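Chain by chain, the residues run as shown.
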Amino acid sequence: IMADLVILFTSIGLSEQKAKETLKNEVLSSALKDAIAQAQGLLGSTDIDKATGTLLYSMVSRLREPRRLAFLTQHIVQRKITTELQVSAALDYVKSHPQDPLDEKAFESACGVGVVITPEEIEDTVRKWGTQLNMGEVRAAMKWADGKIVKNEVDMQVLHLLGPKTEADLEKKPKAAKAKAPENETKEEKSSTVNGEVKTEAKSLMEQLRGEALKFHKPGENYKTEGYVVTPNTMNLLKQHLEITGGQVRTRFPPEPNGILHIGHAKAINFNFGFAKANNGICFLRYDDTNPEKEEEKYFTAIREMVEWLGYKPYVITHASDYFQPLYDLAVELIRRGHAYVCHQRGEELKGHNVPSSPWRDRPVAESLVLFERMRKGMFTEGEATLRMKMVMEDGKMDPVAYRIKYTAHHRSGDTWCIYPTYDYTHCLCDSIEHITHSLCTKEFQARQYLVRSSYFWLCNALDVYCPVQWEYGRLNLTYTVVSKRKIIKLVETGVVRDWDDPRLFTLTALRRRGFPPEAINNFCARVGVTVSQTTTEPHLLEACVREVLNDTAPRAMAVLEPLRVTITNLPSNSDVRVPDFPADESRGSHVVPFSKTIFIEENDFREVMEKGFKRLTPEQPVGLRHAGYVISVQRVIKDASGKVVELEVTCTSSDSAEKPKAFIHWVSQPLQCEVRLYERLFLHKNPEDATEVPGGFLSDINLHSLKVIESALVDRSVSTAKVFDKFQFEREGYFSVDPDSTTEKLVFNRTVMLKEDPGKI
């Protein structure tokens with residue numbers, strides 16, 4: 001049979017290689033076979049010339065509406081459509097006019113049928129352009145003219161106007177060298193280097209998410225989307241849909257309430273809420289709460305908090321469980337229509353890729369209706385029966401489960417139900433019920449049994465309900481972390497991290513606790529961009545966004561993490577020093593800190609023995625004190641019994657009269673004691689889940705130095721009234737955020753990021 005089809009396809013002008021490639025696509029080869037048979041019937045002969053065969057293949061390979069195959073084949077065979085340009089116009093027309101009957105007169109007008117442009121007309125038209133000759137505009141003026149004749153005539157006119165090419169014209173011009181883009185730079189952004197740091201300017205999220213930029217369909221024009229299945233009732237359903245929505249864009253963010261959102265979800269939140277906002281639409285927050293065994297109230301609360309923390313307000317909050325009754329009614333209707341059946345295969349029998357067909361696939365509809373009702377009434381044990389849909393997934397898997405039995409009380413509906421719908425069944429129907437216009441999903445679903453676009457359309461059409469359009473986009477991944485719920489639970493259970501909000505994780509609650517501003521996360525998502533391909537990014541790119549925001553928003557303070565006591569023996573008197581909150585713009589405010597004869601500096605800002613390149617304090621080298629107006633010089637080094645330096649005695653000189661020192665250091669006086677937590681990467685390798693990189697598994701890849709706690713750090717008193725999540729730049733130390741563990745007696749600070757990128761830290 002395969003050999004016969006190769007002969008058939010080559011008979012219309014395809015090469016043998018092209019014919020064999022076509023056979024690899026079952027749908028395409030079947031449609032081409034049908035088109036050839038219809039063409040032969042119309043011609044009354046098996047001979048199809050190559051020109052006709054080429055147009056037939058072009059049409060069939062791009063046609064998304066199989067019911068238009070005979071109509072288009074007839075126009076090609078009757079030589080009403082004779083060019084590739086007309087084929088494209090024909091396909092565009094049938095795509096935008098899915099409703100029957102097709103207006104043949106309007107169709108032929110749109111495709112240039114019967115339009116004849118003679119070579120003489122082409123010549124006259126080209127000559128009229130004179131010196132303003134432009135190939136694109138000439139082609140537009142004579143849309144249905146033979147392209148080769150037009151080009152030849154344009155070339156002739158150019159030759160007439162400009163004369164033949166000279167040696168200078170024929171000489172090859174050297175190509176200008178293109179600047180090489182940074183490795184991680186995307187089309188949406190450009191980078192420049194300022195003070196050693198990469199500054200990236202990206203298109204705003206709103207610019208990227210406008211419908212025109214993404215080439216998404218307009219509300220009500222779902223049928224224009226490639227792969228969208230049009231049924232006899234589609235246009236009526238779309239009309240009703242537009243009456244309900246008023247043509248407004250509707251999206252939804254549908255998380256499962258069985259875990260905490262992570263950085264990948266931030267992209268989904270920005271995409272769904274951002275797309276709606278950019279197009280004057282609305283976005284639903286819908287909890288996909290169809291698995292009562294894994295759902296907890298704390299997850300519902302945390303998800304809503306994180307959405308609002310990122311700056312988005314849901315139009316309305318819904319739950320899949322809101323629709324349990326209509327979903328059940330639709331399942332009954334699916335059975336009645338012969339598209340679903342009750343099956344008794346066990347879960348383990350349905351795993352893998354070569355699952356045998358169910359012996360109950362063809363059981364009578366009436367029998368499945370009775371059994372499904374018994375499932376609802378609790379007359380089967382868990383796993384004894386499921387409702388399956390008669391659908392072949394794109395990955396080859398057959399008949400996904402629509403309903404399963406679970407004798408677990410639901411957090412909202414209690415014991416009302418003992419059967420629960422699956423994601424496969426619920427997802428598209430909830431979208432339909434809520435009249436979502438754009439169902440935006442991460443592309444990861446295509447790699448597993450869950451919904452892909454064709455099966456999404458199948459279920460809506462099988463039930464003859466409004467069918468939204470599903471659009472896929474690439475998932476966002478970060479290196480040096482794990483985001484799997486199961487693996488994070490393992491990290492918590494083994495004591496590697498404290499909880500889901502441990503600042504070393506990349507859950508959104510953890511990033512908030514760490515001190516990452518929501519604006520920075522949103523900026524990061526904008527820079528990553530909306531792409532179909534999966535994106536894997538390194539944490540330092542997220543950190544760069546964090547620094548940019550905090551540099552403008554975090555007021556300055558001084559803190560000493562490893563204190564060394566310094567006594568100024570000649571200080572005239574205690575005083576107050578005014579310190580600007582933002583040194584680059586002192587108009588934004590300031591705070592006052594005390595300055596007394598006893599201050600504290602960082603241990604590593606002093607060296608007893610001078611080292612080459614060291615610019616700070618030594619017995620031979622003075623140093624300036626930031627903001628104080630003094631330069632200090634060491635007079636005496638005091639050590640404890642072990643020989644460790646514990647105190648310095650110094651003298652001070654006014655900065656106005658002293659020689660300018662090589663460096664200025666920060667300090668604190670009459671400080672508050674606080675706890676400071678310093679974080680580094682939790683994992684040692686980029687991909688801790690990759691067995692080739694980490695053979696022992698992710699738990700064997702833990703960085704044992706990922707957390708350092710300093711319990712007796714000192715900070716100036718300007719932060720005494722700080723609240724949880726308030727952020728500061730501790731001068732020369734980094735950006736820090738107040739941790740929820742803080743008390744009225746003692747503040748706790750998390751280091752958010754260092755002032756400059758350190759490849760070993762997060």
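Everything here concerns the structure above.
Residues numbered from 1 in each chain as written. Predicted model: local features only at pLDDT ≥ 70, side-chain atom pairs only at ≥ 80, totals over all residues. Heavy atoms only, no water.

Draft legend 1. Expanded view of helix 4 (residues 50-62). Along its 13 residues, helix 4 runs 18 Å from first to last C-alpha, staying within 8% of the 18 Å computed at 1.5 Å per residue. All buried positions along helix 4 are accounted for by Thr-52, Gly-53, Leu-55, Leu-56, Tyr-57, Ser-58, Met-59 and Val-60. Those residues of helix 4 that are buried are in contact with helix 2 (16-23), helix 3 (26-43), helix 5 (69-77) and helix 6 (84-96). Capping the start of helix 4 is the job of one residue whose side-chain oxygen sits 3.1 Å from the backbone nitrogen of Ala-51: Asp-49. (Helix = DSSP H or I, 4+ residues; strand = E, 2+ residues; numbered from the N terminus. Expected span 1.5 Å × (residues − 1). Buried < 20%, exposed > 50% of the residue type's maximum accessible area, 1.4 Å probe, protein only. Contact = heavy atoms within 4.5 Å. Polar contact = N/O pair within 3.5 Å; in protein donor to acceptor, adjacent residues only side chain to side chain.)

Draft legend 2. Fine view of the sheet that holds strand 24 (residues 672-679). Pairing is mixed across the open sheet formed by seven strands, whose spatial order is 14-26-27-28-24-25-15. The open sheet is flanked by strand 14 (556-557) and strand 15 (559-560), the only strands paired with a single partner. (Pairing = 2+ DSSP bridges.)

Draft legend 3. Structural context of the nonpolar core. If you look at the biggest cluster of nonpolar residues, it comprises 90 residues, and the most contacted ones within it are Ile-263, Phe-372, Tyr-403 and Tyr-425. With residues near it in sequence (within four places) discarded, Phe-372 still touches Tyr-328, Ala-331, Val-332, Ile-335, Val-342, Leu-387, Tyr-403 and Ile-419. By size, the runner-up hydrophobic cluster in this structure holds 36 residues, among which are Ile-76, Val-87, Ala-90 and Tyr-93. (Core = buried A, V, L, I, M, F, W, Y, C linked by side-chain atoms within 4.5 Å.)

Draft legend 4. Seen up close, the environment of Ser-575. Structurally, Ser-575 can be placed in strand 17 (residues 575-580). According to the relative accessible area criterion, Ser-575 is partly exposed, its value standing at 32%. Between the alpha carbons of Ser-575 and Pro-594 there is a distance of 6.0 Å; along the sequence they are 19 residues apart. Once residues lying within four places of it in the same chain are set aside, the contact partners of Ser-575 are Val-593, Pro-594 and Phe-595.

Draft legend 5. Expanded view of the sheet that holds strand 3 (residues 250-253). Taken in spatial order, the three strands line up as 3-4-5 in an open sheet, and their pairing is parallel. In this open sheet, the two edge strands, each paired with only one partner strand, are strand 3 and strand 5 (316-319). In this sheet, neighbouring strand axes are inclined to one another by 35° on average, regardless of whether the strands run parallel or antiparallel. The pairing of strand 3 with strand 4 (residues 282-287) spans four bridges and is classified as parallel. What sits directly across from Phe-253, in strand 4, is Leu-285. The strands that helix 15 (residues 263-278) touches are strand 3 and strand 4; relative to strand 3, the one it contacts most, it runs at about 160°. (Axes fitted to C-alpha atoms, helices over the stretch in contact; angles between N-to-C directions.)

Draft legend 6. Expanded view of the environment of Tyr-407. Tracing the chain through its elements places Tyr-407 in the loop between strand 8 (401-405) and strand 9 (419-421). Accessibility expressed as a relative area gives 41% for Tyr-407, which makes it partly exposed. Separated by 29 residues in the primary sequence, Tyr-407 and Gly-378 have C-alpha atoms spaced 8.3 Å apart. Apart from the residues within four sequence positions on either side, Tyr-407 is in contact with Gly-378, Met-379, Phe-380, Thr-381, Glu-382 and Cys-418.

Draft legend 7. Here's a closer look at unusual backbone geometry. A positive phi angle, close to 55°, is found at Asp-399, a residue other than glycine. One non-glycine residue, His-627, lies in the positive phi region at around 70°. Structurally, His-627 can be placed in the loop between strand 20 (623-625) and strand 21 (630-639).

Draft legend 8. Spotlight on the pairing of strand 16 (residues 563-568). Across five bridges, the pairing between strand 16 and strand 19 (residues 598-602) is antiparallel. Bridge pairing in strand 19 links Arg-565 to Phe-600. The pairing of strand 16 with strand 22 (residues 645-654) spans four bridges and is classified as parallel. Bridging across to strand 22, Val-566 finds its partner in Leu-648.

In short, shape yes, function no, at least from these values alone.
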